[in-house]
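Tertiary structure, described
Residues per chain, in single letters:
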Amino acid sequence: MEIKRLHVGKRLSEVAIHNETVYLAGQIAEDTSQGIEGQMREVLGHVDRLLGEAGSDKTCILSCQIFISSMDNFPGMNSVWDEWVPQSHTPPRATVEARLANPACLVEVCVIAALR
């Protein structure tokens, strides 16, 4: 029962792979000067990159949790999500308003995916 980890840091790993399943840490934008659409695009870019490194992609997402700093950001977040998510591969998803660790972050996305 091997667990593979990618981008291991002092506090967390960005990716854990176990039993043909990929678990991503919550992804946030590095450029917090952007609005919700820009931050969401950046975050989904991180998701794409990390899933690719793990041997998966967005068509294999099993579950997604999205945390947004304000429900006022829900329409903008959804507009970017709708452009990004592959139709006929839309995963189960939950979106929750939450106070994020960094107040400049407007969105955080957690993903679980199957390997390709």
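Note that the structure is predicted; figures quoted are calculated from it, not measured.

Our focus in this paragraph is the sheet that holds strand E3 (residues 21–24). Read from one edge of the open sheet, six strands run E1-E2-E3-E6-E4-E5, paired in mixed fashion. Unpaired on one side and paired on the other, strand E1 (3–8) and strand E5 (93–97) mark the two borders of the sheet. Mean inter-strand twist for the sheet, computed between neighbouring axes without regard to direction, equals 10°. Note: strand E2 (residues 13–18) against E3, four bridges, orientation antiparallel. By the bridge assignment, Ala16 is partnered in E3 with Tyr23.

Any two side chains of opposite charge can pair, on the condition that their charged atoms come close. The full count for this structure, using the stated rule, is three salt bridges. One salt bridge in this structure joins Glu83 and Arg41, with 3.8 Å as the shortest N-O distance. Linking Glu83 in helix H2 (residues 74–84) with Arg41 in helix H1 (residues 36–54), this pair joins segments that are 42 residues apart in sequence. For Glu83, a relative accessible area of 59% corresponds to the exposed category.

Residue His7 is not a glycine yet carries a positive backbone phi of 55°. Within the fold, His7 resides in strand E1. Unusually for a residue other than glycine, Asn19 sits at a positive phi of about 55°. Tracing the chain through its elements places Asn19 in the loop between E2 and E3.

Conventions adopted
Residues numbered from 1 in each chain as written. Predicted model: local features only at pLDDT ≥ 70, side-chain atom pairs only at ≥ 80, totals over all residues. Heavy atoms only, no water. Pairing = 2+ DSSP bridges. Helix = DSSP H or I, 4+ residues; strand = E, 2+ residues; numbered from the N terminus. Axes fitted to C-alpha atoms, helices over the stretch in contact; angles between N-to-C directions. Salt bridge = Lys/Arg side-chain N within 4 Å of Asp/Glu carboxyl O. Buried < 20%, exposed > 50% of the residue type's maximum accessible area, 1.4 Å probe, protein only.

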